[in-house]
Amino acid sequence: DQQVKQNSPSLSVQEGRISILNCDYTNSMFDYFLWYKKYPAEGPTFLISISSIKDKNEDGRFTVFLNKSAKHLSLHIVPSQPGDSAVYFCAATSNNAGNMLTFGGGTRLMVKP
Amino acid sequence: DAGITQSPRYKITETGRQVTLMCHQTWSHSYMFWYRQDLGHGLRLIYYSAAADITDKGEVPDGYVVSRSKTENFPLTLESATRSQTSVYFCASSDSGDEQYFGPGTRLTVT
C-alpha cells in the first residue's frame, strides 16, 4: 500500500499563474517532507523541504504547505514559468528511517507559454 | 568530475543474463541508494547502504544484489535479468541530512 500518494498524474497551467501540486501520506511517523523536480533524461533534484514542526516553508517562487491533521502537503509555484515543466515527486521520511525516503508516484506539470 | 555518476546510461540485455549497473560518488557520503522508476509507481527503493560493507533491502529487492566494498561505489547487479526489470534505475547518495542527491539514471531494457 502506497504510503505517499500524488493523486494527480498531470497538471497543466498557464504561464504566470499558480501551480498547486498535492501530496497525501498515511504514515503518521513521517516528520520530514521533500519535493523533488525531475526533467526528462536527468535524475531528480531537490527543490524544497519542510519539517513537521512547521506548516509552511518558502523559497523564492516555491512554497510548501503542510497540514499534519489532514496528512496533506502541497507545493505552490508562483508565478509558474515554462521552465518549471517537469515531473514533481513528493517524498517523506521519519526520524528513525535511516535517511530512507518514501516517494509518491509523481505529477507531471506542464506550464504553457 | 565531482558528483554522482552512473554507468552505463543505456543498456539492452537479454532475459537470463547478468548485468551490473555502476554508481560512483565523489562526496564521501555515508548513505547510498538504488531506486527504480516505473510509470505509476514513482521511485521505489531497491537497496540502500548506510556505510561501506553495510547494506539493507528496500521495498523491491527481489532479483537484485548489491555490494559496497568502498564508500564511493555502490554497484547493483541483476543476477538473471527478467523483462519485469526493464526500468530506469537511479542511484542516490546522502550524508547526515535527509536530502538525497541523484545520479542521471540508467535506462535498462531486458528483451
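Structure: above.
Residues numbered from 1 in each chain as written. Chains lettered and ligands numbered in written order. Predicted model: local features only at pLDDT ≥ 70, side-chain atom pairs only at ≥ 80, totals over all residues. Heavy atoms only, no water.

A. Up close: the sheet that holds strand 8 (residues 72-77) of chain A. Read across the sheet, five strands follow the order 1-3-8-7-6 (chain A) without closing on themselves; strand pairing throughout is antiparallel. Looking at which strands have only one partner, the edges of the open sheet turn out to be strand 1 (4-5) and strand 6 (56-59) of chain A. (Pairing = 2+ DSSP bridges. Helix = DSSP H or I, 4+ residues; strand = E, 2+ residues; numbered from the N terminus.)

B. Here's a closer look at the pattern of salt bridges. Per the counting criterion, the structure on display carries five salt bridges over all chains. Measuring nitrogen to oxygen at the nearest pair gives 3.5 Å for the salt bridge that ties B:E14 to B:R17. Judged by its relative accessible area of 49%, B:R17 falls in the partly exposed class. Here B:D38 ties to B:R44 by a salt bridge, and the two come within 3.0 Å at their closest N and O atoms. In this structure, B:D38 and B:R44 share a single accessibility class: buried. Here the salt bridges share partners, and the residues they tie into one network are A:K37, A:R61 and A:D84. (Salt bridge = Lys/Arg side-chain N within 4 Å of Asp/Glu carboxyl O. Buried < 20%, exposed > 50% of the residue type's maximum accessible area, 1.4 Å probe, protein only.)

C. Expanded view of the nonpolar core. With 23 residues, the main nonpolar core has A:F33, A:W35, A:L73, A:L75 and A:Y88 as its most contacted residues. Of all the secondary-structure elements, those providing two or more residues to this core are strand 3 (19-25), strand 4 (32-38), strand 5 (45-51), strand 7 (62-67), strand 8, strand 9 (86-93) and strand 11 (107-112) of chain A. Here this core gets four residues from one element, more than from any other, and that element is strand 9 of chain A. If we ignore the near neighbours within four places in the chain, the residues touching A:F33 are A:Y25, A:I48, A:S49, A:I50, A:L66, A:L73, A:A91 and A:A92. In this structure, B:I4, B:M32, B:I46 and B:Y89 belong to the second largest nonpolar core, which totals 18 residues. (Core = buried A, V, L, I, M, F, W, Y, C linked by side-chain atoms within 4.5 Å. Contact = heavy atoms within 4.5 Å.)

D. Here's a closer look at the sheet that holds strand 1 (residues 4-7) of chain B. Residues and elements named next belong to chain B. One open sheet accounts for four strands, arranged 1-3-8-7; its pairing is antiparallel. Every interior strand has two partners, whereas the edge strands, strand 1 and strand 7 (64-66), have only one. If you compare each strand with its neighbour and ignore which way they point, the axes differ by 20 degrees on average. Looking at chain direction, strand 3 (residues 19-25) and strand 8 (residues 76-78) are connected through three bridges and run antiparallel. Looking across to strand 8, one finds that L21 is bridged to L76. (Axes fitted to C-alpha atoms, helices over the stretch in contact; angles between N-to-C directions.)

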